[in-house]
Amino acid sequence: MKVLIATQKPFAAAAVKGIREILENAGNEVVLLEKYPGEDELVAAVADAEAMIVRSDKVTARVLDAAPKLKIVVRAGAGFDNVDLAAATAHGVVVENTPGQNSNAVAELAIAMMIFMCRNQFTPATGSEIQGKRIGIQAFGNVGRLVGKKAEALGLKVLAVDPFIPAEKIAEAGAQPVGSVAELYASSDFVSVHIPATPETIGSIGYDLITSMPKGAVLVNTARKEVIDEAGLEKALEDRPDIKYVTDVAPDNYAALQEKFGLRVFATPKKMGAQTSEANVNAGLAAARQIVAFFTEGCTRFQVNR
Ligand code: 3PG
């Protein structure tokens, strides 16, 4: 089988080596397309691919139309909002993700971002400490749970809410469940966002939630920029000069936010939550193994477009 690895943001070399080994040892041919400029190059490369591994690369209906032999796309990572699932299903293409494989890297970044903002982006201005504060975890999946564990170890009180996880399970995992997202924001000095971008969540974090946070709060977004209502965020930062926002993907209005709010806002230049060699190896090798299992055993355990 011909397997295309299409990564605008390349995997670490160790991950590419491991992916190749797994796929080639199982008799597959591997084609690597890294740092490609845009959709045209992906459309050309996918023409004879039977399987594809991607990261946040956009797998659109046009890409799928151009891939008549494609049977499976594995998103090496958690979020699959970059893949047009309806188009994939219409083409009979299985879409999978690799849940949990890059979660620790993202969780470490969320904690680092909290401290970075509390210390005024590592400038000499007097900062604050995270110990003894409350952190609210918005969605208690693989990343949220790890952020909770790390925060607890650093002396924070951990609150959490998740529409799909019962309160008892959240409590069993060591966090205090709260009844609603509104309660989480109103009760947390830090909120760490771990919701996926879906029609229900897009634009769901806006003025009311942000301004309900306690004095000096920091909103930490290592999830997706789309879940934030950017106009609402801007107004909230205007009306509440004590609140800070840090994010792993720059909002569209980042230049305006930086100009207005200076050190109270920070966005990474490029999404970097999962950009560690460990996360690349874990997610990349899992993706390669899932492709081998799909072709050899028909395994679709991680399919997300059933
Ligand atoms: C994910 O959904 O797994 C993360 O956002 C990582 O995305 P990336 O592979 O593009 O870094």
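Overview of the structure. The model shown is predicted, which means the values in this text are computed figures rather than measured ones. Residue positions within a chain follow its written sequence, with the count starting from 1. It should be noted that, the model being predicted, local features are given only for residues of pLDDT at least 70 and side-chain atom pairs only at 80 or more, the latter also being counted only at that level, while totals for whole chains, interfaces and linings use all residues. Side-chain numbers here rest on the full set of heavy atoms in the structure, without hydrogens or water.

1. Describing the site of the ligand
Put simply, the rule is: A molecule or strand has a residue near it when one of that residue's heavy atoms lies within 4 Å. Pairs of N or O atoms are called polar contacts if they sit within 3.5 Å, as long as, within protein, a hydrogen donor faces a hydrogen acceptor (for residues adjacent in sequence, only side-chain-to-side-chain pairs). Surface accessibility in these figures is a Shrake-Rupley result with a 1.4 Å probe; residues are shielded only by whichever protein chains are displayed.
Looking at the ligand, the residues that line it are Lys9, Arg55, Ser56, Arg75, Gly77, Ala78, Gly79, Asn102, Arg224, Lys271 and Ala274. The separation between an oxygen atom of the ligand and a polar main-chain atom of Gly79 is 2.8 Å. Take Lys271: an N or O atom from its side chain is 2.7 Å from an oxygen atom of the ligand. Protein chains shield 94% of the accessible area of the ligand, which is 320 Å² for the free molecule.

2. A short note on the layout of surface pockets
The gaps of empty space that remain are located by a probe, the size of a water molecule, rolled over the atoms. Applicable threshold: Grid points spaced at 1 Å over the protein atoms alone were grouped into cavities, where a 1.4 Å probe fits but cannot get out, and pockets, open sets with protein on both sides within 12 Å along at least five of seven lines, with lining residues defined by an atom within 4 Å of a point. Grid points are joined across faces, edges and corners, and a volume is the space filled by probe spheres set on the points.
In this structure, the second largest pocket occupies an estimated 560 Å³ of space. Taken together, 21 residues line the second largest pocket, and the ones lying closest to its centre are Ser56, Asp57, Lys58, Asn82 and Lys271.

3. A word on the environment of Ile205
Basically, it comes down to this: The secondary structure listing takes helices from DSSP runs of H or I that are at least 4 residues long and strands from runs of E that are at least 2 residues long, numbered from the N terminus. Think of it in three bands: with a 1.4 Å probe and only protein chains considered, a residue is buried below 20% of the maximum accessible area for its type, exposed above 50%, and partly exposed in between. Any two residues whose heavy atoms approach within 4.5 Å are treated as being in contact.
Position of Ile205 among the secondary structure elements: in the loop between strand S9 (190-193) and helix H9 (207-211). Under the relative-accessibility criterion, Ile205 is labelled buried at 0%. Between the C-alpha atoms of Ile205 and Asp229, which are 24 residues apart in sequence, the distance is 5.7 Å. Sequence-distant contacts of Ile205, that is, excluding residues within four places in its chain, are made with Gln138, Tyr185, Val193, Ile195, Ile210, Leu219, Val227, Ile228 and Asp229.

4. Notes on helix H5 (residues 103-118)
Rule in force here: What a helix is expected to span follows from its residue count: subtract one and scale by 1.5 Å.
Counted at 1.5 Å a residue, the expected span for H5 with its 16 residues is 22 Å, and the 23 Å between its end C-alpha atoms agrees. Judged by how many residues are buried, H5 sits mostly within the fold: 12 of 16 residues are covered. Taken together, the buried positions of H5 are occupied by Ser103, Ala105, Val106, Ala107, Leu109, Ala110, Ile111, Met113, Met114, Phe116, Met117 and Cys118. In the segment just after H5, Asn120 is the residue with positive phi, at about 50 degrees.

5. Focus on the pairing of strand S7 (residues 157-161)
Worth spelling out the cut-off: A pair of strands is treated as paired once DSSP finds two or more bridges between them. Throughout, right-handed denotes a crossover for which the path from the first strand over the helix to the second runs clockwise when the strands point away from the viewer.
Across the 5 residues of S7, 4 count as buried, placing the element largely inside the fold. One ladder, built from 5 bridges, connects strand S6 (residues 134-138) with S7; its direction is parallel. Its bridge partner being in S7, Arg134 is matched across the sheet by Lys157. In this region the chain leaves S6, passes through helix H6 (residues 142-153) and returns to the parallel neighbour S7; the handedness of that crossover is right-handed. Pairing analysis gives 2 bridges linking S7 to strand S8 (residues 176-177), with the strands arranged parallel. In the strand pairing of S8, Leu159 is matched with Gln176. In this view, the connection linking S7 to its parallel neighbour S8 by way of helix H7 (residues 167-172) has right-handed handedness.

6. Notes on the packing of helix H1 (residues 13-25) against helix H12 (residues 277-297)
For the record, the criterion: All axes here are fitted lines through C-alpha atoms, helices being fitted over the stretch that makes contact, and every angle between N-to-C directions spans 0 to 180 degrees. The cut-offs work like this: below 35 degrees is roughly parallel, past 145 is roughly antiparallel, 65 to 115 is roughly perpendicular, and the gaps in between are oblique. For any pair of crossing helices, the crossing counts as left-handed if the nearer helix is rotated counterclockwise from the farther one by less than a right angle, and right-handed if it is rotated clockwise. Under the scheme applied here, ten amino acids are nonpolar (Ala, Val, Leu, Ile, Met, Phe, Trp, Tyr, Cys and Pro), four are charged (Asp, Glu, Lys and Arg), and all others, including Gly, are polar.
Running from amino to carboxyl end, H1 crosses H12 at an angle of 15 degrees, the nearest separation of the two axes being 8 Å. With respect to H12, the element H1 is oriented roughly parallel. As H1 runs across H12, the sense of the crossing is right-handed. For the pair H1 and H12, the contacting residues are Ala14, Ala15, Gly18, Ile19, Ile22 and Leu23 in the first and Asn280, Val281, Gly284, Leu285, Ala288, Arg289, Ile291 and Val292 in the second. Looking at the contact of H1 with H12 residue by residue, the class counts come to 10 nonpolar, 3 polar and 1 charged.

7. Quick notes on the nonpolar core
So the rule is basically this: For this analysis, a nonpolar core means a set of buried residues of the types Ala, Val, Leu, Ile, Met, Phe, Trp, Tyr and Cys, connected via side-chain atoms within 4.5 Å.
Among the nonpolar cores identified, the biggest contains 29 residues, and Tyr185, Val193, Ile205, Leu219 and Leu237 are the most heavily contacted of them. Listed by contribution, the elements that provide at least two residues to this core are S7, helix H8 (181-186), S9, H9, helix H10 (230-239), helix H11 (254-261) and strand S12 (265-267). Not counting residues up to four positions away in its chain, the partners in contact with Leu237 are Ile243, Lys244, Tyr245, Leu257, Phe261, Arg264 and Val265.

Geometry only, nothing functional implied.
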